[in-house]
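Given next are the chains, with one letter for each unit.
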Amino acid sequence: MDNRDAVSAFLRSRREMITPEQAGLPVYGRRRVPGLRRGEIAALAGVSVEYYTRLERGNLKGVSDSVLDALAQALRLDDTERMYLYDLARAAGPAARVRPPRREARPAVRASVARIVEGMPGLPAYVMNNRLDTLAANPLGRALYCEMFADPACEGNVARFAFFHAAARRFYTDWERMARFAVGALRVEAGKHPYDRELSNLIGELSTRSDAFRVMWGSQSVHVFRESTKRLNHPLVGDLELDQETMSLPDESGLSVVAYSAPPGSAAEDGLKLLASWSATPGGDPSPAQP
């Protein structure tokens with residue numbers, strides 16, 4: 001799989017976002033292109049214009065770490081963008097020419113990890129893979145995302161829910177921010193795993209069916225899920241402001257444990273307790289009524 005298009009689009013988009021003023025360069029007359037010129041980035045990175053032009057045309061094969069570091073500094077990349085650039089370079093290297101073993105579509109959740117998730121009854125928690133598939137969830141996690149789990153078309157995938165389900169724009173109070181984070185996370189994974197057919201199929205499906213996803217994908221933004229604050233509007237308990245922690249498992253599975261919590265004494269904590277009581281009721285169904 002050739003990642004030249006991804007490399008070219010990423011480098012060009014980052015270059016076009018930097019103004020001469022930000023780079024400390026003088027401005028003479030009207031500029032016909034947004035951001036910096038190729039020659040200006042080349043000078044800032046300490047490489048020739050011809051060499052940088054080769055890079056921006058998508059050829060990162062054989063590029064040294066020192067050049068990547070200089071390029072990242074010239075393009076003012078943040079930590080996540082720098083990591084993505086290195087992933088693109090690794091994918092362009094000689095080792096990437098040999099197709100790696102097929103990755104398991106949905107790796108099994110270890111029993112010990114499932115017990116940890118189930119052992120947090122007061123916190124919504126679930127296990128997610130690198131394609132944003134929810135592979136396991138405790139009862140409160142399923143209750144929190146009841147609309148996603150109730151729709152078979154979502155297949156437990158957070159990105160499908162965000163872009164395909166009409167309720168998602170109400171559920172995520174900051175829908176655009178969350179949607180951009182999801183798109184950026186998928187782009188990071190695409191840089192790491194260019195041979196992941198399931199990931200490629202998911203991105204293709206989202207691009208085909210959602211104009212919003214297609215526009216956000218074109219922005220070349222990258223994102224890594226860590227800690228954040230989620231503002232949600234649940235169909236049964238209303239507004240919830242929850243702290244989210246995403247903890248990657250220390251293995252090659254690509255799985256993460258995602259858990260939500262609320263500050264003690266907050267309205268969100270009361271909302272989670274109410275939701276937990278509904279989800280724990282025998283025969284109770286926290287999902288909204290279906291027409």
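In this report, the structure presented in the accompanying data block is examined. Owing to the predicted nature of the structure, the values given are computational and were not obtained by experimental measurement.

Digging into the environment of Leu 242
And step 1. Summarising the element assignment, Leu 242 is placed in strand 4 (residues 238–248).
And step 2. A relative accessible area of 0% places Leu 242 in the buried class.
And step 3. With 14 residues separating them along the chain, Leu 242 and Ser 228 place their C-alpha atoms 8.5 Å apart.
And step 4. For Leu 242, the contacting residues outside a window of four places in its chain are Leu 144, Ser 228, Thr 229, Lys 230, Leu 232, Tyr 260, Ser 261, Ala 262, Ala 268 and Leu 272.

Considerations on the environment of Ala 92
And step 1. With respect to the secondary-structure elements, Ala 92 resides in helix 6 (residues 79–92).
And step 2. In this structure Ala 92 comes out as buried when scored by relative accessible area, which is 19%.
And step 3. C-alpha of Ala 92 to C-alpha of Leu 60: the two residues are 32 residues apart in sequence and 6.0 Å apart in space.
And step 4. Among residues more than four places away in sequence, those in contact with Ala 92 are Asn 3, Leu 60 and Lys 61.

Remarks on the packing of helix 13 (residues 197–209) against helix 14 (residues 211–218)
And step 1. As a packed pair, helix 13 and helix 14 sit with axes 5 Å apart at the nearest point and diverge in direction by 120 degrees. Contacts between helix 13 and helix 14 involve Ile 203, Leu 206, Ser 207, Thr 208 and Arg 209 from the first element and Asp 211, Phe 213, Arg 214 and Trp 217 from the second.
And step 2. Across the contact of helix 13 with helix 14, the residue classes break down as four nonpolar, two polar and three charged.

Side note on the packing of aromatic side chains
And step 1. Counted under the stated rule, the structure contains twelve aromatic pairs.
And step 2. Measuring from centroid to centroid gives 6.3 Å for Tyr 126 and Tyr 260, while their planes differ by 40 degrees, and the two rings are tilted. One end of the pair, Tyr 126, is in strand 1 (residues 125–128); the other, Tyr 260, is in strand 5 (residues 256–261), and 134 residues separate them in sequence.
And step 3. Ring geometry for Phe 161 versus Phe 171: centroids 5.8 Å apart, planes at 65 degrees, classification edge-to-face. With Phe 161 in helix 10 (residues 158–164) and Phe 171 in helix 11 (residues 168–171), this residue pair connects regions lying ten residues apart in the sequence. For the pair shown, Phe 161 and Phe 171 are each scored as buried.
And step 4. An aromatic cluster is defined as three or more aromatic residues linked by ring pairs; in this entry it consists of Tyr 126, Tyr 145, Phe 161, Phe 171, Tyr 172 and Tyr 260.
And step 5. Taking the ring centre of Trp 175 as reference, the NZ or CZ of Arg 169 above it sits at 3.6 Å.
And step 6. Over the ring of Phe 164 we find Arg 209, and its NZ or CZ is 3.7 Å from the ring centre.

Some details on the sheet that holds strand 3 (residues 228–234)
And step 1. Ordered in space as 2-1-5-4-3, the five strands form an open sheet in which the pairing is antiparallel. Each edge of the open sheet is held by one strand with a lone partner, namely strand 2 (134–137) and strand 3. On average, each strand axis in the sheet is inclined to that of its neighbour by 30 degrees, with strand direction left out of account.
And step 2. With three bridges joining them, strand 1 and strand 2 adopt antiparallel strand pairing. Considered in strand 2, the bridge of Tyr 126 is made with Ala 137.
And step 3. Each of strand 1, strand 2 and strand 5 touches helix 7 (residues 111–118); the most contacted strand, strand 1, lies at about 150 degrees to it.

Quick look at helix 6
And step 1. If you check helix 6, its first and last C-alpha atoms are 20 Å apart, about what 14 residues at 1.5 Å a residue would give, namely 20 Å.
And step 2. Across the 14 residues that make up helix 6, a large majority, ten, are buried.
And step 3. Within the span of helix 6, buried status applies to Thr 80, Glu 81, Tyr 84, Leu 85, Tyr 86, Asp 87, Leu 88, Ala 89, Ala 91 and Ala 92.
And step 4. Where helix 6 is buried, its residues contact helix 1 (4–16), helix 5 (65–74) and helix 12 (175–192).
And step 5. Here helix 6 starts with a cap whose side-chain oxygen sits 3.1 Å from the backbone nitrogen of Thr 80, and that cap is Asp 78.

Brief notes about the nonpolar core
And step 1. By size, the foremost hydrophobic cluster in this structure holds 43 residues, and its most contacted members are Leu 144, Phe 163, Tyr 172, Leu 186 and Leu 242.
And step 2. Looking at this core, the element that brings in the most residues is helix 12, giving seven residues.
And step 3. Aside from chain neighbours lying at most four places away, what touches Phe 163 is Trp 175, Ala 179, Val 183, Leu 206, Ser 210, Ala 212, Phe 213 and Met 216.
And step 4. Judged by nonpolar contacts, the second largest core, of 25 residues, contains Leu 36, Tyr 52, Val 67 and Val 222.

What to know about a negative patch on the surface
And step 1. Together, Glu 227, Glu 241, Asp 243 and Glu 245 make up a negatively charged patch on the protein surface.
And step 2. You can see Glu 241 is positioned in strand 4.
And step 3. When its relative accessible area of 48% is taken as the criterion, Glu 241 is described as partly exposed.

Focus on a nonpolar patch on the surface
And step 1. A cluster of nonpolar side chains, namely Leu 236, Leu 274 and Trp 278, defines an oily patch on the protein surface of about 250 Å² accessible area.
And step 2. Assignment of secondary structure puts Trp 278 in helix 15 (residues 267–280).
And step 3. By relative accessible area, Trp 278 is classed as partly exposed at 35%.

The rules behind the values
- Residues numbered from 1 in each chain as written.
- Predicted model: local features only at pLDDT ≥ 70, side-chain atom pairs only at ≥ 80, totals over all residues.
- Heavy atoms only, no water.
- Helix = DSSP H or I, 4+ residues; strand = E, 2+ residues; numbered from the N terminus.
- Buried < 20%, exposed > 50% of the residue type's maximum accessible area, 1.4 Å probe, protein only.
- Contact = heavy atoms within 4.5 Å.
- Axes fitted to C-alpha atoms, helices over the stretch in contact; angles between N-to-C directions.
- Nonpolar A, V, L, I, M, F, W, Y, C, P; charged D, E, K, R; others polar.
- Phe/Tyr/Trp six-rings, centres within 6.5 Å; stacked < 30°, edge-to-face > 60°.
- Lys NZ or Arg CZ within 6 Å of the ring centre and 35° of its normal.
- Pairing = 2+ DSSP bridges.
- Expected span 1.5 Å × (residues − 1).
- Polar contact = N/O pair within 3.5 Å; in protein donor to acceptor, adjacent residues only side chain to side chain.
- Core = buried A, V, L, I, M, F, W, Y, C linked by side-chain atoms within 4.5 Å.
- Patch = residues over 30% accessible without salt bridge, like charges linked within 9 Å, V, L, I, M, F, W, Y side chains within 5 Å.
- Areas by Shrake-Rupley, 256 points an atom, 1.4 Å probe, with all protein chains shown as cover.
- Salt bridge = Lys/Arg side-chain N within 4 Å of Asp/Glu carboxyl O.
- Lys, Arg positive; Asp, Glu negative; His and termini not counted.
- Charge placed at Lys NZ, Arg CZ, Asp CG, Glu CD.

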